[in-house]
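What follows is each chain in one-letter form.
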Amino acid sequence: MSALDTRAATTIEATDAAGGRRPARRRSHGPEEGLIPGARRGTYWLYLVPGLALLAVIVVVPLFWNIYLTFTSYRGIRPPEWIGLENWVELMGDRVFWTSFGNSIAMILAMVIVPTLLGLLLAAMLFDLIGRKFGGRLASFLRATYYLPQILPAVIAAIVIGWILRPQNGALNQVLEGIGLGDLTRNWLGSPDTALPSLMVIMIWVQLGYPIVIFMAALQRVDPELYEAAELDGANWIQRFRAITVGMIRPEIFVVTLTCTIAALKVFGPVYALTGGGPGTSTIVPAYYAYSEFFQSQQVGYGATIATALTVVIAAVSVLFILAQHRMERKEEGR
């Protein structure tokens, strides 16, 4: 079709619209016809079969097998022997189990509360202060520096931290002695009084980069003019942080809090590599306790009970977080 014919067709459509007639619409394909020639309705389910099969093999079947083992006495050799609720009754009175959950609360403090608060402050500073005054490259470099512990394998990080906290010639004790504070030297990971606090500090260092990256990504969608307008109105950085930053990235705060809480409840690698749950039970957590019952004590049924209880707690926490987020969103929409 020539340019003249195109203009003529456009003129005719405009005239028809002015005269009350609506221009003919192109016929759209219905869902029955599909976008692929010859495709039938509902064939997309075939593409989900491999994923559903892997989900069943890797997650669903082991989950139900694990639940079944909680009602048995099983050492991994002979067939499981059904014992009913004995494992669950023993679990409710197990002092080590409740100690491990108490340590999980300490892990939540170290992996959720402190990193989220510090990450929020540091992300706001990198975005609103350093990024605006020194450029985005410096802010990106610092963000990558904070995130570096997240990409380190747990074993490598444990070797480095173990060298730093070594009681005889560790770097930390050597520095303390060098500056005249030799009385403060400790067996940081070998003493019940300092093992858990030392592990908490390590987990803060490991976890801090994750919320910084998420919050800085969320701040990219905040209009910079909001900060400029607030600054022109005389708002200081703290007021801008409270009124703009926290309010605009609240959904990301919920996501970070939920994912970090789940990670804190099921933390295993650092405990396994650094302390082995010791000294005594001062740093034991539910995931490591389940592992020790599975592979060290060979009490597979009891280890499955601990793992199932941990799964129930994680599921309940996730549901509570999601309900709280939905409630807050409805409250904001009702304003």
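Residues numbered from 1 in each chain as written. Predicted model: local features only at pLDDT ≥ 70, side-chain atom pairs only at ≥ 80, totals over all residues. Heavy atoms only, no water.

## Considering the overall build of the protein chain
- Looking only at helices and strands, the protein chain features 15 helices and two strands.
- Within the protein chain, the fraction of its 335 residues that count as buried is 34%.
- Partitioning the contacts of the protein chain with sequence separation of at least 6, the portion at a separation of at least 24 is 66%.
- Summing over all exposed atoms, the protein chain offers an accessible surface of approximately 21000 Å²; the carbon and sulfur share of this is 65%. (Helix = DSSP H or I, 4+ residues; strand = E, 2+ residues; numbered from the N terminus. Buried < 20%, exposed > 50% of the residue type's maximum accessible area, 1.4 Å probe, protein only. Contact = heavy atoms within 4.5 Å. Areas by Shrake-Rupley, 256 points an atom, 1.4 Å probe, with all protein chains shown as cover.)

## Considerations on the packing of aromatic side chains
- The final tally for this structure, using the stated rule, is 16 aromatic pairs.
- Plain terms: the ring middles of Tyr272 and Tyr291 are 5.6 Å apart, the flat faces sit at 85° to each other, and that makes the pair edge-to-face. On the criterion of sequence distance, the pair formed by Tyr272 in helix H13 (residues 269-274) and Tyr291 in helix H14 (residues 286-296) is long-range, its members being 19 residues apart.
- Tyr272 sits in the partly exposed class, given a relative accessible area of 45%.
- Tyr291 gets classed as partly exposed once you look at its relative accessible area, which sits at 22%.
- An aromatic cluster of at least three residues, connected via ring pairs, comprises Phe268, Tyr272, Tyr288, Tyr291, Phe294 and Phe295. (Phe/Tyr/Trp six-rings, centres within 6.5 Å; stacked < 30°, edge-to-face > 60°.)

## As for the nonpolar core
- With 64 residues, the main nonpolar core has Met107 and Ile249 as its most contacted residues.
- Setting aside its immediate chain neighbours within four residues, Met107 contacts Val112, Leu196, Leu199, Met200, Met203, Ala264, Val267 and Val285. (Core = buried A, V, L, I, M, F, W, Y, C linked by side-chain atoms within 4.5 Å.)

## A word on the packing of helix H12 (residues 250-265) against helix H15 (residues 300-333)
- The contact between H12 and H15 brings their axes to 10 Å, and the two run at 170°. The pairing of H12 with H15 is recorded here as roughly antiparallel in orientation. For the pair H12 and H15, the contacting residues are Arg250, Pro251, Phe254, Thr257, Leu258, Thr261, Ile262 and Leu265 in the first and Leu310, Val313, Ile314, Val317, Ser318, Phe321, Ala324, Gln325, Met328 and Glu332 in the second.
- Class assignment for the residues of the contact of H12 with H15 results in 12 nonpolar, four polar and two charged. (Axes fitted to C-alpha atoms, helices over the stretch in contact; angles between N-to-C directions. Parallel < 35°, antiparallel > 145°, perpendicular 65-115°, else oblique. Nonpolar A, V, L, I, M, F, W, Y, C, P; charged D, E, K, R; others polar.)

## Considerations on the pattern of salt bridges
- Considering all chains together, one arrives at one salt bridge under this definition.
- Where Arg221 meets Glu252, a salt bridge forms, and the shortest distance between an N and an O atom there is 2.8 Å. Placement of the pair is Arg221 in the loop between helix H9 (209-219) and helix H10 (224-232) and Glu252 in helix H12, with a sequence separation of 31 residues. (Salt bridge = Lys/Arg side-chain N within 4 Å of Asp/Glu carboxyl O.)

## Things to note about the confidence of the model for the protein chain
- Residues at a pLDDT of 70 or more form 87% of the protein chain, whose mean pLDDT is 84.
- For the protein chain, per-element mean pLDDT is lowest for helix H1 (residues 3-18), which scores 46, and highest for helix H3 (residues 86-92), which scores 95.
- Within the model, the stretch residues 1-34 combines pLDDT values under 50 with eight contacts to residues more than four positions away or in other chains. (pLDDT = per-residue confidence, 0-100.)

## Quick look at the packing of helix H11 (residues 237-248) against H12
- Between H11 and H12, whose axes approach to 5 Å, the crossing angle comes to 60°. Overall, the two elements H11 and H12 adopt an arrangement that is oblique. Residues Val246, Gly247 and Met248 of H11 touch H12, and the partners they reach there are Arg250, Pro251, Glu252 and Ile253.
- Taken together, the residues of the contact of H11 with H12 break down into four nonpolar, one polar and two charged.

## Considerations on the environment of Gly190
- The residue Gly190 is located in the loop between helix H7 (171-178) and helix H8 (195-207) in this model.
- The class for Gly190 is partly exposed, based on a relative accessible area of 37%.
- Taking the C-alpha atoms as reference points, Gly190 and Leu165, separated by 25 residues in sequence, lie 9.6 Å from one another.

## Quick word on the side chain of Thr245
- Mapped onto the fold, Thr245 is located in helix H11.
- Once residues within four sequence positions are removed from consideration, Thr245 is found in contact with Ala124, Leu219, Tyr227 and Arg240.

## As for the environment of Gly182
- Mapped onto the fold, Gly182 is located in the loop between H7 and H8.
- The contact partners of Gly182, leaving out residues within four places of it in the chain, are Leu176 and Glu177.

## So, the side chain of Ser104
- Mapping Ser104 onto the fold places it in helix H4 (residues 95-134).
- The class of Ser104 is buried, set by a relative accessible area of 1%.
- If we skip the residues at most four places from it in the chain, Ser104 touches Leu265, Val285 and Pro286.

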